[in-house]
Amino acid sequence: MLLGTDFFNKVVTKSYQIHFYNMVENEGMIYSKMYYSITGRRYVKYIQETLMANENIVYEAKFHWTYELVSWLWLILAGWLVIGIIVFIARFIKSLTTEIVVTNYRIVLKSGWISRRTEEINLNRTEEINIKQSIIERLLGGGTVTINGTGGNSISTPTIEEPLSFRSAIASAAARSR
């Protein structure tokens, strides 16, 4: 079966159900510990599977709504061509399977469904955080964040919501980790 229950529980429920976080306060910051769906079934994201001891999620970035808008425009305007449908499905899967997370130890960008690509930078190895926003992105509240680490490592996010909040979460978590 191409779309088995594991795929449904981990990916499809992410966008069509409401999820609750078990919130825990530690040293004045609130962290999410586990994800639950509205139906009560528990599923685990990649980041939850790879958390180290005493590591907690500080911030989780989301794709900006314009990413979904562009996907739908591809389907509507080029859907009569096979390429429009392929682009829509590829962008839809990318938005469902990408995780952009700041923990109290590291920054993680995970993408991919069948093949997986992860990029991580420890917070104590972060050198600079750059935000790129066009005029339209700035008006609509989106932007791209690039995090540069020591040794030439860098992570570039896709267009995310509230890039300034994401940068602030990284800076505050990095300050706490030092």
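It should be emphasised that the depicted structure is a prediction, and the values quoted were computed from it without experimental measurement.

Undergrad: Any details on the overall build of the chain? Residues and values, ideally.
TA: Looking only at helices and strands, the chain has 6 helices and 10 strands in total. Residues counted as buried form 38% of the 178 residues belonging to the chain. Of the roughly 10700 Å² of accessible surface on the chain, a fraction of 58% belongs to carbon and sulfur atoms.

Undergrad: Break down the side chain of Thr157 for me, citing the residues and quoting the values.
TA: With respect to the helices and strands, Thr157 occurs in the loop between strand S9 (154-156) and strand S10 (160-161). When residues no more than four places from it in sequence are discounted, the contact partners of Thr157 are Ile100, Thr144, Val145 and Phe166.

Undergrad: Account for the packing of aromatic side chains, naming residues and giving values.
TA: Scanning the entire structure with this criterion turns up 4 aromatic pairs. Consider the rings of Phe88 and Phe92, whose centres lie 6.1 Å apart with planes at 15°: the pair is stacked. With Phe88 and Phe92 both in helix H4 (residues 82-97), this residue pair falls 4 residues apart, about one helical turn. Owing to a relative accessible area of 13%, Phe88 belongs among the buried residues under this scheme. Three or more aromatic residues link up through ring pairs in this structure, and these residues are Trp72, Phe88 and Phe92. Its guanidinium or amino end placed over the ring of Tyr67, Arg91 lies 3.9 Å from that ring's centre, counting from NZ or CZ.

Undergrad: Account for the confidence of the model for the chain, naming residues and giving values.
TA: Predicted confidence across the chain gives a mean pLDDT of 78, with 75% of residues reaching 70 or more. Within the model, pLDDT remains below 50 along residues 1-26, and this stretch shows 57 contacts once partners closer than five positions in the same chain are excluded. In this model, residues 28-43 is a region of pLDDT below 50 whose contacts with residues beyond four sequence positions or in other chains number 60 contacts.

Undergrad: Got a sec to walk through the pattern of salt bridges? Specific residues and values, please.
TA: Applying the stated criterion across every chain, the model contains 4 salt bridges. Two residues, Lys62 and Glu60, come together in a salt bridge whose shortest N-O distance is 3.6 Å. Among the residues examined, Glu60 registers a relative accessible area of 16% and is labelled buried. The network of salt bridges with common partners includes Glu55, Arg106 and Glu120.

Undergrad: Tell me what's going on with the nonpolar core, and back it up with residues and numbers.
TA: The biggest cluster of nonpolar side chains holds 18 residues, and the ones touching the most others in it are Val102, Ile107, Ile147, Phe166 and Ile170. Those elements that place two or more of their residues in this core are strand S3 (57-61), strand S4 (99-103), strand S5 (106-111), strand S8 (142-149) and helix H6 (163-177). Here the element with the most residues in this core is H6; it accounts for 5 residues. Ignoring any residue separated from it by four or fewer positions in sequence, one finds Ile147 in contact with Ile107, Ile121, Thr126, Glu128, Ile129, Asn153, Ser154, Ile155, Phe166 and Ile170.

Undergrad: Describe the pairing of S4, listing the residues and the values that go with them.
TA: Working note: regular strand, side chains alternate between the two faces of the sheet. Most of S4 sits out of view: 5 of its 5 residues are buried. Along S4, one buried face is formed by Glu99, Val101 and Thr103 and the opposite face, lined by Ile100 and Val102, is buried too. In this structure, S3 lies alongside S4, joined through 4 bridges in antiparallel fashion. Residue Ala61 lies in a different strand from S4, and its bridge partner there is Ile100. Note: S4 against S5, 4 bridges, orientation antiparallel. Paired with Ile100 across the strands is Leu109, a residue of S5. Once S4 ends, the chain turns through 2 residues before running back antiparallel as S5.

Undergrad: Break down the environment of Thr118 for me, citing the residues and quoting the values.
TA: Here Thr118 shows up in strand S6 (residues 117-122). On the basis of relative accessible area, Thr118 is assigned to the partly exposed category, the value being 35%. Residue contacts for Thr118: discarding those within four places in its chain leaves Tyr46, Leu109 and Lys110.

Calculation rules
- Residues numbered from 1 in each chain as written.
- Predicted model: local features only at pLDDT ≥ 70, side-chain atom pairs only at ≥ 80, totals over all residues.
- Heavy atoms only, no water.
- Helix = DSSP H or I, 4+ residues; strand = E, 2+ residues; numbered from the N terminus.
- Buried < 20%, exposed > 50% of the residue type's maximum accessible area, 1.4 Å probe, protein only.
- Areas by Shrake-Rupley, 256 points an atom, 1.4 Å probe, with all protein chains shown as cover.
- Contact = heavy atoms within 4.5 Å.
- Phe/Tyr/Trp six-rings, centres within 6.5 Å; stacked < 30°, edge-to-face > 60°.
- Lys NZ or Arg CZ within 6 Å of the ring centre and 35° of its normal.
- pLDDT = per-residue confidence, 0-100.
- Salt bridge = Lys/Arg side-chain N within 4 Å of Asp/Glu carboxyl O.
- Core = buried A, V, L, I, M, F, W, Y, C linked by side-chain atoms within 4.5 Å.
- Pairing = 2+ DSSP bridges.

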